[in-house]
Amino acid sequence: MIEVKKIEDFEKGELEELTSATMNAVQEGIGFGWIKKPAKNKVIEYWKGVILVPNRWLFVGKYKGVISGSIQVVTLSSTNEAAIFRVFIDTHFVATWARGYGLAKLLLETAQQECQNKNYTHVILDVRETQKRAINLYQQMGFKLWGKLPVYHKLSNGNMISGNYYYKELIRR
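Scope of this entry: the structure provided in the associated data block. Everything numeric in this text was worked out from a predicted model, so none of it was measured.

**Some words on the overall build of the protein**
1) Next: Helix and strand counts for the protein stand at 4 helices and 7 strands.
2) Next: A compact globule built from 173 residues would reach a C-alpha radius of gyration of about 16 Å, and the protein, at 16 Å, matches this within 12%.
3) Next: If one aligns the C-alpha atoms of the protein with their principal axes, the spans along those axes are about 40 × 40 × 35 Å.
4) Next: By residue count, 42% of the 173 residues in the protein fall in the buried class.
5) Next: Counting contacts in the protein only where the partners sit at least 6 residues apart, residues at least 24 apart contribute 62% of the total.
6) Next: For the protein, the accessible surface area stands at approximately 9,500 Å², while carbon and sulfur atoms represent 50% of it.
7) Next: Distance between charge centres in the protein, computed from 24 positive and 16 negative side chains, equals 6 Å.

**Some remarks on the pattern of salt bridges**
1) Next: This structure, assessed with the given rule, holds 9 salt bridges.
2) Next: Here E11 makes a salt bridge to K5, at a shortest N to O gap of 3.2 Å.
3) Next: Salt-bridge contacts for K40 lead to E16; the nearest nitrogen and oxygen are separated by 2.7 Å. Taken together, the residues K40 in helix α2 (residues 40-50) and E16 in helix α1 (residues 14-27) connect sequence positions 24 residues apart.
4) Next: Accessibility expressed as a relative area gives 40% for K40, which makes it partly exposed.
5) Next: Relative accessible area serves as the criterion here: at 41%, E16 is assigned to the partly exposed category.
6) Next: Overlapping salt bridges bring together K5, E11, E14 and K62 as one network.

**Structural notes on the layout of surface pockets**
1) Next: In this model, the largest pocket occupies a volume close to 490 Å³.
2) Next: Lining the largest pocket are 21 residues, with V94, R99, A104, R133 and A134 sitting closest to its centre.
3) Next: Among the elements that make up the lining of the largest pocket, the one with the highest residue count is helix α4 (residues 132-140) (5 residues).
4) Next: Grouping the amino acids of the lining of the largest pocket by side-chain chemistry returns 10 nonpolar, 6 polar and 5 charged.
5) Next: Reported here for the second largest pocket is a volume of approximately 330 Å³.

**Examining the side chain of K168**
1) Next: Tracing the backbone shows K168 in strand β7 (residues 160-169).
2) Next: Buried charge K168 goes without a salt bridge, the closest partner of opposite sign being E109 at 8.1 Å.
3) Next: Within the structure, K168 has its side chain in polar contact with the side chain of Q112 (distance 3.0 Å).
4) Next: From its side chain, K168 meets the backbone oxygen of M141 in a polar contact 2.6 Å long.
5) Next: When sequence neighbours within four positions are dropped, the list of residues in contact with K168 reads Q112, T121, H122, V123, M141, G142 and F143.

**Comments concerning helix α3 (residues 103-117)**
1) Next: In this model α3 runs 21 Å from its N-terminal to its C-terminal C-alpha over 15 residues, within 8% of the 21 Å that 1.5 Å per residue would give.
2) Next: As for α3, its buried residues are in contact with β1 (2-7), β2 (56-63), β3 (66-75), β4 (86-94), α4 and β7.
3) Next: Residue N119 follows α3 closely and has a positive phi angle near 70°.

**Describing the sheet that holds β7**
1) Next: Reading across the sheet, the 7 strands line up as β1-β2-β3-β4-β5-β7-β6 and stay open at both edges, with mixed pairing between neighbours. If you trace the sheet from one side to the other, it starts and ends with β1 and β6 (144-154), each paired once. Mean inter-strand twist for the sheet, computed between neighbouring axes without regard to direction, equals 25°.
2) Next: The strands that α1 touches are β1, β2, β3 and β4; relative to β3, the one it contacts most, it runs at about 85°.

About the thresholds
- Throughout, residues of each chain are indexed from 1 in the direction in which the sequence is written.
- With pLDDT at 70 or above as the cut-off, local features in this predicted model cover only qualifying residues; side-chain atom pairs require 80 or more to be listed or tallied, and sums for whole chains, interfaces and linings still use all residues.
- Values reported for side chains reflect all heavy atoms of the structure, with hydrogen atoms and water molecules removed beforehand.
- A run of H or I in DSSP counts as a helix once it spans at least four residues, and a run of E counts as a strand once it spans at least two, with each numbered from the N terminus.
- The size measure is the radius of gyration over C-alpha atoms, and the globule rule it meets is 2.2 Å times the number of residues to the 0.38 power.
- Partly exposed residues are those whose accessible area sits between 20% and 50% of the maximum for their type, while under 20% is buried and over 50% is exposed, using a 1.4 Å probe and protein chains only.
- Contacts were defined at the residue level, with two residues in contact if any of their heavy atoms lie within 4.5 Å.
- Only the protein chains shown count as cover for residues, and the accessible areas themselves come from Shrake-Rupley with a 1.4 Å probe.
- Charge counting treats Lys and Arg as positive and Asp and Glu as negative, with His and both chain ends excluded.
- Charge placement uses NZ in Lys and CZ in Arg. For Asp and Glu, CG and CD serve respectively.
- Each reported salt bridge corresponds to a side-chain nitrogen of Lys or Arg within 4 Å of a carboxyl oxygen of Asp or Glu.
- With a 1 Å grid laid over protein atoms only, a set of points is called a cavity when a 1.4 Å probe fits there but cannot get out and a pocket when it is open yet has protein on both sides within 12 Å along at least five of seven lines; lining residues have an atom within 4 Å of a point.
- Grid points are joined across faces, edges and corners, and a volume is the space filled by probe spheres set on the points.
- Gly counts as polar in this scheme, as do all residues outside two lists: the nonpolar Ala, Val, Leu, Ile, Met, Phe, Trp, Tyr, Cys and Pro, and the charged Asp, Glu, Lys and Arg.
- Polar contact is the term for a pair of N or O atoms within 3.5 Å; when the atoms are in protein, one must be able to donate a hydrogen and the other to accept it, and sequence-neighboring residues count only if both atoms are side-chain atoms.
- Here the expected length of a helix is defined as 1.5 Å per residue gap, with one fewer gap than residues.
- Pairing between strands is defined by DSSP: at least two bridges between the two strands are required.
- Axis lines are fitted to C-alpha atoms, over the contacting stretch for helices. Their N-to-C directions set the angle, which ranges from 0 to 180 degrees.

Right, dumping it as C-alpha cells:
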C-alpha cells in the first residue's frame, strides 16, 4: 500500500503526480517556502530542478501506487570539510489524502538508511512550530530539538511564525 523510491529521473506520470501532491500540501499550509499557492508550472520547474542538483537526493513516497509525498536529503559541498559528516532534510511532506498510513515515517526511515549507507553521521532539519504531526514524528524517531527561531516563516497575512530546529545522530551499524 505504501512504498518509497529514490528518483534520479522522472518516469512517465511521476512529475505530474509529485506536482499534484505538492499543490495539495501547499494549499493545506505546508508551504515549501511559498507564501501563496504557486502556479502549477512553477512547481513543475522546481521539481525538475531538484533532480539536476548533484547534492540533493529525492525520495518519493507512494500511497496506492500514486506519488503522494517526498523527502530530500541535501549534502554539503565537499569544500566544507568541517561539516561533511552531516546532511539536511528538506521538503518532507505527505499530501493530505495519503496521511495516516505511515508514509511520512517510511520516507524518513529510507532517507536515514541512505545517509547511513553513505557514511553520514548526523541529520538536521527544521519545521514550523504549527506542524504538530511532523514534530511528533521527528521526536518519536529520536530527533532532538536544538533551537527555535521566532521569525521562521512569513504567513500570507504577513504574520510571522516560529520554527524548530532538530538534529539526530545516526547509529553506526
